[in-house]
Amino acid sequence: MIVIDAHLHVWDPARADYDWLGPAMAPINRAMRFTDARPALKATEVTASVLVQAADNDADTDHMLATAATHPEVVAVVAWVPLDDPGRARSRLAQLRCDPHMVGVRALIHEKPDPEWIVRPHVGKRLALLAARDLTFDYVTASPGALRQVPELAARHPELRLVIDHLGKPPIGGDREEHARWRKLLTAAAHHPQVHAKVSGLYSARGPLDSWTTDTVRPFFEDALELFGPHRLMYGGDWPISLLAGGHRRTWETCAELLAGLGPDDRAAVLGGTAARFYRIDPTLLNAARDATV
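As the structure is a prediction and not an experimental result, all values here were calculated from the model.

J.: How should I be thinking about the packing of helix 7 (residues 214–228) against helix 8 (residues 248–259) in this particular structure?
T.: Geometry of a packed helix pair, given as the angle between the helix axes and the separation of the axes. As a packed pair, helix 7 and helix 8 sit with axes 11 Å apart at the nearest point and diverge in direction by 50 degrees. As far as their axial angle goes, helix 8 and helix 7 are oblique. With respect to the hand of their crossing, helix 7 and helix 8 are arranged in right-handed fashion. Contacts from Thr-214, Val-217, Arg-218 and Phe-221 in helix 7 reach Thr-254, Glu-257, Leu-258 and Leu-259 in helix 8. Each residue belonging to the contact of helix 7 with helix 8 can be placed in one class, and the counts come to four nonpolar, two polar and two charged.

Structural data, given as structure tokens:
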């Protein structure tokens, strides 16, 4: 079994702009390179990693691709493309598709001034372009409410593979009504078979980021497992944000505990099989990652 961390970030403020990165993010408000992540990954069962964009600019994407080129453990990159700029989107996609690590696109839609940006027609045309290029789209939210747009996107773009990052930020630590609202939204999203979800970034929704426990996370994981099944769920460690949420090893151990009740095939799906299939990761890159971590 190959274990794939489907959600890992690297960044370097000297190479790209990260508007959200400041003193409040200490101690990770500095360059966070794959060499920094490697010890945390080696302390787990992770064999391969997917790098996910951290800024809406080309420089961040270029930095991720350069990292992938020099670290065989990186098997895929989810890049940024200007989805609201037709000419630039087409040319950038043509350029990026030359790299075998390029598997999908993400944008920080929760940072956009327009809360309906992702469902605007001019953006929808670029999402259709992703589907035509056999690329995926990572859907990121700042709160569960944004999940209401996922069924609309899935209905408009039935050929586009969508994955909800961090289970749509469930209200961990919230009350039953909040939980019920989140579950209802996630249920509507899961109705569409091309929609997947990441078991990642499951931190407290209120108070300190590290004020969560396995028991407070478990009901949300169990809901996701019921709604999506293991073959539409994938593990993501969310390094280095995980360092602010109690430590990377803690998040890994919680995931392992949550998966302990699954059979071998289902556990293998969440820990790598789903990510490999969803992102259509190049088998040659997977083999190189396996060899590098032996």
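J.: What should I look at first to understand the pattern of salt bridges in this one?
T.: Side chains carrying opposite charge are able to pair once their charged atoms draw close together. Scanning all chains against the criterion turns up 21 salt bridges. For Arg-30, the salt bridge is made with Asp-36, and the minimal N-O distance between the two is 4.0 Å. Note on Arg-30: relative accessible area 41%, which makes it partly exposed. Glu-178 is the partner of Arg-206 in a salt bridge, and the nearest nitrogen-oxygen pair spans 2.5 Å. Here Glu-178 lies in helix 6 (residues 176–190) and Arg-206 lies in the loop between strand 7 (195–199) and helix 7, a separation of 28 residues in the sequence.

J.: How should I be thinking about the packing of aromatic side chains in this particular structure?
T.: We describe a pair of aromatic rings using the distance from one ring centre to the other and the angle between the two ring planes. With the rule as written, the count across this model stands at six aromatic pairs. Aromatic side chains Trp-11 and Tyr-18 sit 6.4 Å apart centroid to centroid with 50 degrees between the ring planes, which places their arrangement in the tilted category. Ring plane angle 85 degrees and centroid distance 5.0 Å describe the contact between Trp-11 and Trp-20, whose orientation is recorded as edge-to-face. A relative accessible area of 27% means that Trp-20 is categorised as partly exposed.

J.: What exactly am I supposed to notice about the sheet that holds strand 8 (residues 233–235) here?
T.: Two orientations exist for strands paired in a sheet by backbone hydrogen bonds: parallel and antiparallel. Strand order in the open sheet formed by eight strands is 1-2-3-4-5-6-7-8, and the pairing between neighbours is parallel. Looking along the sheet, the strands with just one partner apiece sit at the ends: strand 1 (4–8) and strand 8. Each neighbouring strand pair of the sheet contributes to a mean axis angle of 25 degrees, computed without reference to strand direction. Looking at chain direction, strand 2 (residues 48–52) and strand 3 (residues 74–79) are connected through four bridges and run parallel. Note that in strand 3 the partner of Val-52 across the bridge is Val-78. Taken strand by strand, helix 1 (residues 34–42) contacts strand 1, strand 2 and strand 3, and its axis lies near 135 degrees from that of strand 1. Strands in contact with helix 2 (residues 58–70) are strand 2 and strand 3; relative to strand 3, the strand with the most contacts, it is inclined by about 170 degrees.

Cut-offs and rules
Throughout this description, residue numbers start from 1 for each chain and increase along the sequence as written. In view of the model being predicted, local features appear only for residues whose pLDDT reaches at least 70, and side-chain atom pairs are presented and counted only at 80 or more, with totals across whole chains, interfaces and linings using the full set of residues. Note that water and hydrogens are dropped before the side-chain values are worked out from all heavy atoms of the structure. The axes used here are C-alpha line fits, helices contributing only the stretch in contact, and every angle between their N-to-C directions lies in the interval 0 to 180 degrees. Only DSSP runs of H or I with at least four residues qualify as helices, and only runs of E with at least two residues qualify as strands; both kinds are numbered from the N terminus onward. An angle below 35 degrees is treated as roughly parallel, one above 145 as roughly antiparallel, one from 65 to 115 as roughly perpendicular, and anything else as oblique. The hand of a helix crossing depends on one turn: near helix anticlockwise from the far one by less than a right angle means left-handed, and clockwise means right-handed. Any two residues whose heavy atoms approach within 4.5 Å are treated as being in contact. All residues other than Ala, Val, Leu, Ile, Met, Phe, Trp, Tyr, Cys, Pro, Asp, Glu, Lys and Arg, Gly among them, are scored as polar; the first ten of these are nonpolar and the last four charged. A pair is scored as a salt bridge if a Lys or Arg side-chain nitrogen falls within 4 Å of a carboxyl oxygen belonging to Asp or Glu. Per-residue accessibility, obtained with a 1.4 Å probe over protein chains only, is compared with the maximum for each type, and a residue is labelled buried under 20%, exposed over 50%, and partly exposed between these values. Any pair of Phe, Tyr and Trp rings, taking the six-membered ring for Trp, is counted once the centres come within 6.5 Å. Such a pair is stacked with planes under 30 degrees apart, edge-to-face with planes over 60 apart, and tilted for the rest. Strand pairing is assigned whenever DSSP detects at least two bridges linking the two strands.

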